[in-house]
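Here is what each chain is made of, one letter per residue.
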Amino acid sequence: MAQPLAFILDVPETPGDQGSQEPSPYDESEVHDSFHQLIQEQSQWAAQEGLELQQREQEATGSGQQTLRRPEGTQSTATLRILASMPSRTIGRSRGAIISQYYSRTVQLRRRSSRPLLGNFVLSARPSLRLYDLELDPTAREEEEKQSLLVKELQSLAVAQRDHMLRGMPLSLAEKRSLREKSRTPRGKWRGQQGSGGVCSCCGRLRYACVLALHSLGLALLSGLQALTPWRYALKRIGGQFGSSVLSYFLFLKTLLAFNALLQLLLVAFIVGPQVAFPPALPGPAPICTGLELLTGAGCFTHTVMFYGHYGNATLNQPCGSPLDGSQCTPRAGGLPYNMPLAYLYTVGAGFFITCITLVYSMAHSFGESYRVGSTSGIHAITVFCSWDYKVTQKRASRLQQDNIRTRLKELLAEWQLRQSPRSVCGRLRQAAALGLAWLLCLGTALGCAVAIHVFSEFLIQSPEAAGQEAALLVLPLVVGLLNLGAPYLCRVLAALEPHDSPVLEVYVAICRNLILKLAILGTLCYHWLGRRVAVLQDQCWEDFVGQELYRFLVMDFVLMLLDTLFGELVWRIISEKKLKRRRKPEFDIARNVLELIYGQTLTWLGVLFSPLLPAVQIIKLLLVFYVKKTSLLANCQAPRRPWLASHMSTIFLTLLCFPAFLGAAIFLCYAVWQVKPSSTCGPFRTLDSMYEAGRVWVRYLEAAGPRVSWLPWVHRYLVENTFFVFLVSALLLAVIYLNIQVVRGQRRVICLLKEQISNEGEDKIFLINKLHSIYERKEREERSRVGTTEETAAPPTLLTDERDD
Amino acid sequence: KGGFEGKPIAENTDSSPLSTRAHRRFCELLPQEQRSVEQSLLAQVPFEQILSLPELKANPFKERICRVFSTSPTRDSLSFEDFLDLLSVFSDTATPDIKSHYAFRIFDFDDDGTLNREDLSRLVNCLTGEGEDTRLSASEMKQLIDNILEESDIDRDGTINLSEFQHVISRSPDFASSFKIVL
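All values reported here derive from a predicted model rather than from experimental measurement.

Rules behind the numbers
Residues numbered from 1 in each chain as written. Chains lettered and ligands numbered in written order. Predicted model: local features only at pLDDT ≥ 70, side-chain atom pairs only at ≥ 80, totals over all residues. Heavy atoms only, no water. Helix = DSSP H or I, 4+ residues; strand = E, 2+ residues; numbered from the N terminus. Buried < 20%, exposed > 50% of the residue type's maximum accessible area, 1.4 Å probe, protein only. Areas by Shrake-Rupley, 256 points an atom, 1.4 Å probe, with all protein chains shown as cover. UniProt positions renumbered as here; feature names shortened; annotations may be inferred. Phe/Tyr/Trp six-rings, centres within 6.5 Å; stacked < 30°, edge-to-face > 60°. Patch = residues over 30% accessible without salt bridge, like charges linked within 9 Å, V, L, I, M, F, W, Y side chains within 5 Å. Salt bridge = Lys/Arg side-chain N within 4 Å of Asp/Glu carboxyl O. Contact = heavy atoms within 4.5 Å. Buried area = accessible area lost by both parts, 1.4 Å probe. Polar contact = N/O pair within 3.5 Å; in protein donor to acceptor, adjacent residues only side chain to side chain. Nonpolar A, V, L, I, M, F, W, Y, C, P; charged D, E, K, R; others polar. Axes fitted to C-alpha atoms, helices over the stretch in contact; angles between N-to-C directions. Parallel < 35°, antiparallel > 145°, perpendicular 65-115°, else oblique. Left-handed = near helix turned anticlockwise from the far one by under 90°. Disulfide = S-S within 2.5 Å. Domains from an automatic or database assignment.

With that settled, the discussion passes to the overall build of chain A. The number of helices and strands found in chain A is 28 helices and two strands. Counting the 806 residues in chain A, one finds 40% classified as buried. On chain A, roughly 45700 Å² of surface is accessible, and the fraction owed to carbon and sulfur atoms is 64%.

Rendered as structure tokens:
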């Protein structure tokens with residue numbers, strides 16, 4: 001790979017060189033035949049250096065490595081000049097170095113046989129050890145020559161690659177523009193120059209004007225689209241005042257809106273729309289609408305497209321088969337029959353499937369962006385270099401950010417100190433005991449909440465007098481909502497009592513506990529609905545009831561969130577400012593708010609099967625939540641003290657959304673579709689044993705229809721109903737995951753080896769710098785002593801010239 | 001300078017919705033008589049005016065940012081090209097390589113091509129605040145800088161050069177999104 005380079009060290013010669021006795025490194029043309037000779041010379045010099053050898057020994061005993069003998073400030077100016085022109089130091093500063101580095105990269109690019117991936121350029125650190133080395137080239141080319149070489153290389157690339165290369169260069173815009181113009185293929189220019197006379201120049205100018213007009217139109221459209229991005233100014237203001245971590249909450253809210261909009265679109269197009277176009281006969285007179293429907297979902301909302309019970313179980317728009325009782329049947333011209341039960345089942349299934357794919361894709365994408373090999377080490381350097389958020393524009397927010405960073409640095413140093421002096425066994429046992437106790441209490445709280453809800457729901461089932469009133473339907477959602485609000489506060493108090501070494505871990509533990517609590521509550525409720533309510537409401541429309549329950553839970557969640565924002569943030573701020581006279585506003589608790597959003601979204605997903613318009617309710621709720629939270633944030637809160645890693649957070653939010661929330665909802669849906677008998681009085685599946693029967697009925701119909709569609713029943717029997725296929729796919733997935741883990745492990749090992757190699761090179765460098773320094777020091781000493789002796793003895797000039805001639 | 005004659009701004013720059021907005025903001029900083037298109041492209045705005053922009057006002061690195069992007073011989077003013085450079089490096093379109101390259105130059109307070117202990121201590125002071133009660137103590141600062149060098153100085157020469165800096169930055173996925181100024 002490497003050709004032997006002639007190292008020519010460009011050191012300015014001083015007049016004392018020729019007179020010195022020992023060979024200087026750049027004069028040496030001999031090759032050492034054996035190391036024995038080298039070691040002898042080394043020890044000779046070492047004996048001469050005497051005192052300096054001792055100093056080096058003292059410094060080296062501690063680490064066993066080479067160290068710079070003197071800090072740079074006291075080194076001679078000649079050494080400093082050489083050090084300043086080292087390639088690793090000039091690459092950051094000099095334009096010529098940047099151009100030569102990118103020239104080499106472009107050459108490497110050209111030499112690869114296949115087109116390389118655009119995102120994978122290797123960071124080549126040392127420009128000195130490459131084939132085309134312009135920095136140490138003895139002929140010392142001018143910058144213009146370097147630039148012309150780079151231009152020539154750029155011309156040989158494809159246009160897209162060239163643009164990508166240019167975009168990645170850290171040069172100023174004017175230079176990039178000149179490089180781009182110079183590297184444009186001369187063919188185009190020549191064609192432009194050719195049309196010099198008459199009509200051709202007119203055409204050329206017209207074409208140029210058209211291209212320019214289109215370009216500006218495109219740009220105007222782009223800036224218009226950017227301005228139309230919803231809430232762009234609001235998000236910028238939030239980011240400017242509170243930083244990226246609070247901003248990630250609002251971005252997560254936007255993501256949830258997108259998911260809901262997608263789902264609702266699908267449902268409206270395939271279920272709600274057709275049913276609205278062909279409304280079934282209503283069972284009785286429609287009840288009068290009082291205001292309570294907005295909270296309970298019952299009353300005049302019951303027999304609308306909002307709930308499952310309203311949907312018909314027949315084929316809509318069916319052309320008449322046999323005319324009943326002799327009446328004439330007018331077939332609608334061009335009407336397509338629409339099988340409602342099938343459409344209902346498959347649309348909900350398709351909606352969940354698309355949501356699943358989108359969620360998993362966003363989660364994987366976000367994980368790919370946020371995970372870096374080795375990102376857990378080097379936390380001090382990463383905090384110092386990467387933690388300042390340049391989006392923050394307010395002075396007060398900037399000061400707050402400084403406070404946060406200072407606190408974080410002090411915490412990191414404290415953690416590091418703690419790690420250096422490990423705790424005694426007694427201390428560790430005590431810590432484990434405290435941690436275990438806190439966890440036990442929190443899990444106990446979650447279990448207690450679940451048991452309380454179970455008991456209360458059983459009580460509601462047993463007491464018939466409460467079932468008559470509509471307002472009594474709100475009691476269960478209210479109780480659940482209050483438990484949901486109160487238990488996390490309790491867990492937070494418990495968490496304050498236990499000792500934690502790492503504040504980041506503390507936050508993750510808090511999220512975990514809150515999540516377990518919500519899962520316990522939702523699990524109990526699901527059992528209550530699908531297990532008990534179905535049994536109790538056998539001859540009524542239990543699906544309507546469950547759909548309405550979920551609607552009630554969603555609305556109550558919203559109301560309680562409003563109250564919590566009002567009291568938790570506004571009133572608390574007023575109290576703390578007026579009564580307690582504290583200047584700190586309440587913090588915006590990101591974890592709790594995000595888990596509230598995830599809880600609401602889980603309720604929506606649980607209820608989609610029974611209430612196709614529930615995503616629309618959730619959309620309205622999310623819009624209101626955005627404005628309420630934004631107003632409250634700007635008026636009452638300050639950024640959280642713990643600086644969050646925004647990219648990790650969005651990955652964690654999406655993971656939490658996907659795994660416990662969506663997976664739970666999908667399991668609920670599967671159980672409801674496969675195992676539960678639909679009610680016989682309402683809904684699209686009223687005559688079937690389970691909702692999935694509709695699909696099976698249709699497949700049997702297709703089988704009977706004829707041999708031409710026989711592949712579909714075959715697919716259904718062998719791929720969908722047969723579990724072997726699912727096992728195969730899961731096994732393949734596991735194999736792919738395992739391979740990826742092994743690849744990452746291998747990469748880590750390679751990184752360790754490379755680091756070792758670099759530190760060895762660094763030792764070489766320090767050795768050479770020390771040698772250089774000692775040479776110049778000796779020269780300066782001799783220079784000084786020579787000047788001293790000439791002053792003393794006033795030697796004749798002939799002697800000096802003799803010495804110089806040597 | 002020859003490229004500006006008669007051509008609109010759109011032709012001369014890489015990313016143009018940004019440049020039209022930038023030109024508008026730049027012209028607001030100029031005195032009234034210099035606000036024509038041709039004059040504004042040649043004018044130089046002194047640092048005090050640039051530092052009064054709301055996007056830069058609260059940034060502790062604002063002087064370094066201006067100095068890094070300034071191409072005037074006295075390095076105390078920005079032209080429109082420099083301003084556009086600044087905005088494009090801090091925008092979404094700049095690659096993480098470019099951002100880390102310029103971040104290195106901003107943090108290199110003495111402009112010697114590496115981050116030595118002095119640079120690092122000035123950097124930490126900017127991050128924590130310049131006041132007496134907001135600085136880290138001397139022992140904390142020394143410990144912190146020792147830890148930083150331990151973690152990122154791979155070739156053990158006591159300073160952090162550009163490639164080591166870029167190596168540290170590549171381990172942090174947040175850098176590209178936090179090294180952003182939205183106009």
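Right, picking up where we left off after that structure.
Right, let's talk about the UniProt feature "domain: EF-hand" (unreviewed entry) in chain B for a bit. Residue and element names in this part refer to chain B. Mapped onto this numbering, the UniProt entry annotates "domain: EF-hand" (unreviewed entry) at residues 95–130 and 140–175. Between the first and last C-alpha atoms of residues 95–130 the distance is 31 Å; the span itself is 67% helix and 0% strand. Secondary structure over residues 140–175 splits into 64% helix and 0% strand, and the C-alpha atoms at its two ends are 25 Å apart.

Residue and element names in this part refer to chain A. All told, the structure shown has 34 aromatic pairs over all chains when counted by the stated rule. Each ring, one from Tyr308 and one from Tyr344, has its centre 5.6 Å from the other, and the planes form 85°; the classification is edge-to-face. Of this pair, Tyr308 sits in the loop between helix H13 (293–296) and strand E1 (315–316) while Tyr344 sits in helix H14 (residues 340–370), placing them 36 residues apart in sequence. With respect to burial, Tyr308 and Tyr344 carry one shared label: buried. Where Trp605 meets Phe662, the ring centres are 5.0 Å apart and the plane angle is 85°; that geometry is what we call edge-to-face. With Trp605 in helix H22 (residues 590–607) and Phe662 in helix H24 (residues 646–674), this residue pair connects regions lying 57 residues apart in the sequence. The exposure class of Trp605 is buried, given its relative accessible area of 3%.

This paragraph deals with a nonpolar patch on the surface. Residues and elements named next belong to chain A. A cluster of nonpolar side chains, namely Leu292, Leu295, Val559, Leu563, Leu566 and Phe567, defines an oily patch on the protein surface of about 460 Å² accessible area. The element that contributes the greatest number of residues to the nonpolar patch is helix H21 (residues 542–578), accounting for four residues. Within the fold, Leu566 resides in helix H21.

Now for the interface of chain A and chain B. Taken residue by residue, the interface counts 73 residues in chain A and 79 residues in chain B. The junction of chain A with chain B conceals about 6500 Å² of combined surface from both sides, 60% of it contributed by carbon and sulfur atoms. When residues of chain A are sorted by the area they lose upon contact with chain B, Leu173, Phe385 and Tyr390 of chain A head the list and together hold 14% of the total. A salt bridge links Lys236 of chain A to Glu55 of chain B, with the shortest nitrogen-to-oxygen separation between them at 3.7 Å. Between the two partners, chain A and chain B, sit 12 residue pairs in polar contact (both at pLDDT 80 or more). Tallying contributions element by element places helix H16 (residues 395–420) of chain A first for the side of chain A that touches chain B, with nine residues. Of the residues in the side of chain A that touches chain B, the class split is 31 nonpolar, 22 polar and 20 charged.

Turning to the side chain of Ser91 of chain B, a few remarks are in order. Residues and elements named next belong to chain B. Tracing the chain through its elements places Ser91 in the loop between helix H7 (80–89) and helix H8 (96–107). Among the polar contacts made by the side chain of Ser91, one reaches the side chain of Thr93 at a distance of 2.9 Å. The contacts of Ser91, once residues within four sequence positions are left out, are Leu18, Lys99 and Lys180.

Our next topic: the pattern of salt bridges. Here the structure, examined in full by the defined rule, presents 23 salt bridges over all chains. For Asp589 of chain A, the salt bridge is made with Arg492 of chain A, and the minimal N-O distance between the two is 3.9 Å. Note that Asp589 of chain A is positioned in the loop between H21 and H22 and Arg492 of chain A in helix H19 (residues 475–497), a separation of 97 residues in sequence. Overall, the relative accessible area of 45% leaves Arg492 of chain A in the partly exposed class. In this structure, the salt-bridge partner of Lys142 of chain B is Asp146 of chain B, at a minimum N-O distance of 2.9 Å. Of this pair, Lys142 of chain B and Asp146 of chain B both sit in helix H10 (residues 138–152), four residues apart, roughly one helical turn. What you see here is one network of salt bridges that share partners, running through Lys236 of chain A together with Arg25, Glu28 and Glu55 of chain B.

This part is about unusual backbone geometry. In most cases, non-glycine residues show a negative phi, while peptide bonds are predominantly trans. All names here are of chain B. Although it is not a glycine, Asp111 adopts a positive phi angle of roughly 55°. In this structure, Asp111 sits in the loop between H8 and helix H9 (117–128). By relative accessible area, Asp111 is classed as partly exposed at 35%.

Let us now look at the packing of H16 of chain A against H10 of chain B. Put simply, H16 of chain A and H10 of chain B touch, their axes get as near as 11 Å, and they point 75° apart. In this view, H16 of chain A runs roughly perpendicular relative to H10 of chain B, as classed from their interaxial angle. Judged by residue contacts, Leu409, Lys410, Leu413 and Trp416 of chain A of H16 of chain A engage Glu140, Gln143, Leu144 and Asn147 of chain B from H10 of chain B. When its residues are assigned to classes, the contact of H16 of chain A with H10 of chain B shows four nonpolar, two polar and two charged.

Helices that pack against each other are described as a pair by the angle of their axes relative to one another and the distance between those axes. Residues and elements named next belong to chain A. Where H19 meets H21, the closest approach of the two axes is 9 Å, and the angle between their N-to-C directions is 45°. Judged by the angle between their axes, H19 and H21 are oblique. Crossing of H19 over H21 shows right-handed handedness. Across the interface between the two elements, Leu476, Pro477, Leu478, Val480, Gly481, Leu482, Leu485 and Tyr489 from H19 touch Glu549, Arg552, Phe553, Met556, Leu560 and Asp564 from H21. Looking at the contact of H19 with H21, its residues break down into 10 nonpolar, one polar and three charged.

Residue and element names in this part refer to chain A. Per the counting criterion, the structure on display carries one disulfide over all chains. The partner cysteine of Cys541 in its disulfide is Cys682, sulfur to sulfur 1.6 Å. Disulfide Cys541-Cys682: torsion about the S-S bond near 90°, hence right-handed. Linking Cys541 in the loop between helix H20 (503–536) and H21 with Cys682 in the loop between H24 and helix H25 (693–705), this pair joins segments that are 141 residues apart in sequence. Given a relative accessible area of 7%, Cys682 falls into the buried group. Cys210 takes part in no disulfide bond, and the closest cysteine sulfur to it belongs to Cys203, at a distance of 11 Å.

The next thing to look at is helix H15 (residues 379–386) of chain A. When you tally the buried positions in H15 of chain A, you get seven out of eight residues, the bulk of the element. Inspection of H15 of chain A places His380, Ala381, Ile382, Thr383, Val384, Phe385 and Cys386 of chain A among the buried residues, and these make up the whole buried set. Buried residues in H15 of chain A make contact with H16 of chain A together with H8, H9, H10, helix H11 (162–170) and helix H12 (175–178) of chain B.

You'll often see interface size given as the accessible area lost when the parts meet. All names here are of chain B. Each assigned domain of chain B is listed with its residue range as follows: domain 1 (18–90) and domain 2 (96–179). The straight-line distance from the C-alpha centre of domain 1 to that of domain 2 is 26 Å. Listed as interface residues are eight residues of domain 1 and, on the opposing side, 13 residues of domain 2. The contact between domain 1 and domain 2 buries some 1100 Å² in all, and 70% of this surface belongs to carbon and sulfur atoms. Of all residues in domain 1, Phe61, Arg64 and Val89 bury the most surface against domain 2, accounting for 55% of the area lost on that side. Inspection of the region where domain 1 meets domain 2 yields one salt bridge. A salt bridge links Arg64 to Asp111, with the nearest nitrogen and oxygen atoms 3.4 Å apart. Summed over the shared surface of domain 1 and domain 2, the result is five residue pairs in polar contact (both at pLDDT 80 or more). Sorting elements by how many residues they give to the side of domain 1 that touches domain 2 places helix H6 (residues 62–69) first, with four residues.

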